[in-house]
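Commentary on secondary and tertiary structure
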Amino acid sequence: MTVRLVVVSHSEKIADGAAELAAQMAPDVLVLTAGGTTDGRIGTSLEKVLAALDKAGSGGTVILTDLGSAVMTAESALEFAEDPEAMVLADAPLVEGLVAAAVAAQGGADMQAVKRAAESVGGPVRHPDDSPLSAVGAGPATGKGPDFTGDFELVNQAGMHARPAAKIAGGLSALDAEVTVNGVDGASMTGLMTLAAGKGSVLHVEAWGADAERAVNYVGGLVQAGFGEP
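Residues numbered from 1 in each chain as written. Predicted model: local features only at pLDDT ≥ 70, side-chain atom pairs only at ≥ 80, totals over all residues. Heavy atoms only, no water.

An unreviewed UniProt entry lists the chain under the name Phosphocarrier protein HPr, with Pseudarthrobacter scleromae given as the organism. UniProt annotates the chain under Subunit (unreviewed entry) with the comment "Homodimer. The dihydroxyacetone kinase complex is composed of a homodimer of DhaM, a homodimer of DhaK and the subunit DhaL." For the record of the chain, the UniProt heading Catalytic activity (unreviewed entry) holds the text "dihydroxyacetone + phosphoenolpyruvate = dihydroxyacetone phosphate + pyruvate". (UniProt positions renumbered as here; feature names shortened; annotations may be inferred.)

1. Examining the nonpolar core
For soluble globular proteins, nonpolar side chains are generally found buried alongside one another. Met-160, Ile-168 and Leu-192 are the most contacted members of the largest nonpolar core, which has 31 residues in total. When contributions to this core are tallied by element, the ones reaching two or more residues are helix 4 (94-106), helix 6 (162-173), strand 6 (178-181), helix 7 (189-193), strand 8 (202-208) and helix 8 (212-224). The dominant element in this core, judged by the number of residues it contributes, is helix 8, at six residues. The contact partners of Ile-168, leaving out residues within four places of it in the chain, are Met-160, Gly-186, Leu-192, Tyr-218, Val-219, Leu-222 and Phe-227. If you look at the next biggest cluster of nonpolar residues, it comprises 27 residues, including Val-3, Val-7, Ala-22 and Ala-92. (Core = buried A, V, L, I, M, F, W, Y, C linked by side-chain atoms within 4.5 Å. Buried < 20%, exposed > 50% of the residue type's maximum accessible area, 1.4 Å probe, protein only. Helix = DSSP H or I, 4+ residues; strand = E, 2+ residues; numbered from the N terminus. Contact = heavy atoms within 4.5 Å.)

2. A word on the pattern of salt bridges
Counting across every chain of the model gives four salt bridges. A salt bridge links Arg-41 to Asp-39, with the shortest nitrogen-to-oxygen separation between them at 2.9 Å. You'll find Arg-41 and Asp-39 in the same group, each marked exposed. Between Arg-163 and Glu-229 there is a salt bridge, with its nearest N and O atoms 3.9 Å apart. With Arg-163 in helix 6 and Glu-229 in the segment after helix 8, this residue pair connects regions lying 66 residues apart in the sequence. (Salt bridge = Lys/Arg side-chain N within 4 Å of Asp/Glu carboxyl O.)

3. Brief notes about helix 5 (residues 111-119)
Within helix 5, seven of the nine residues are buried, which leaves the element mostly enclosed by the surrounding structure. Those residues of helix 5 that are buried lie in contact with strand 1 (4-9), strand 3 (61-65), strand 4 (87-89), helix 4 and helix 6.

4. Here's the deal with helix 4
With 13 residues, helix 4 should cover 18 Å at 1.5 Å per step; its first-to-last C-alpha distance of 18 Å lies within 8% of that length. Within helix 4, 10 of the 13 residues are buried, which leaves the element mostly enclosed by the surrounding structure. Among the residues of helix 4, those classed as buried are Leu-94, Gly-97, Leu-98, Val-99, Ala-100, Ala-101, Ala-102, Val-103, Ala-104 and Ala-105. Note on helix 4: the residue one or two positions beyond its end, Gly-108, has a positive phi of about 95°. (Expected span 1.5 Å × (residues − 1).)

5. Considerations on the UniProt feature "domain: HPr" (unreviewed entry) in the chain
The UniProt feature table records "domain: HPr" (unreviewed entry) at residues 147-230. In residues 147-230, the share of helix is 36% and the share of strand is 23%. The end C-alpha atoms are 32 Å apart.

What follows is the structure, encoded as structure tokens:
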């Protein structure tokens, strides 16, 4: 069973829309929503959040929120949850974080890896053990060269847009590796999209860590398959 996701938003429409977008990227992941108040107004509802968490069940649930009071509502819900150890709150942008988390969950990542995938959106390159980095694209603070590298030409017509970026970032976040793609954090959906790499562009992938080779091969496989796109 994949990790489940719960979206807490002040707006029912925003929650449902974000969930719909995530479903396009990760159709096998259960995304539950708790948007707006119980009477249809803008706001948050502890009752709705608790109901969503109850539907999610045990086994691993990651919660994403929009604004500050939604965080407080989610935190309150965790205090009342029957199995709070099986639930975590991600500190991430709602839409981009949700998409990255959904892709990671689709790939079989566990709860903590899915949380990291959400939180890596737009953030600095981070090693799984949170060791400091010398600079974006410069590898680990040790300064040693990459353990594994690869160069892959984009063959899909649209190049590096949201869906490919989410697939790369979500999958890499679940691996024990530190990865850069053309100098940006491979686990950052936003960073990958800033590359604006079109069809025919070459992605240079560098990886450090226990899963370095697996990470490079993962990116290469996606690129060579055109991310499943024309």
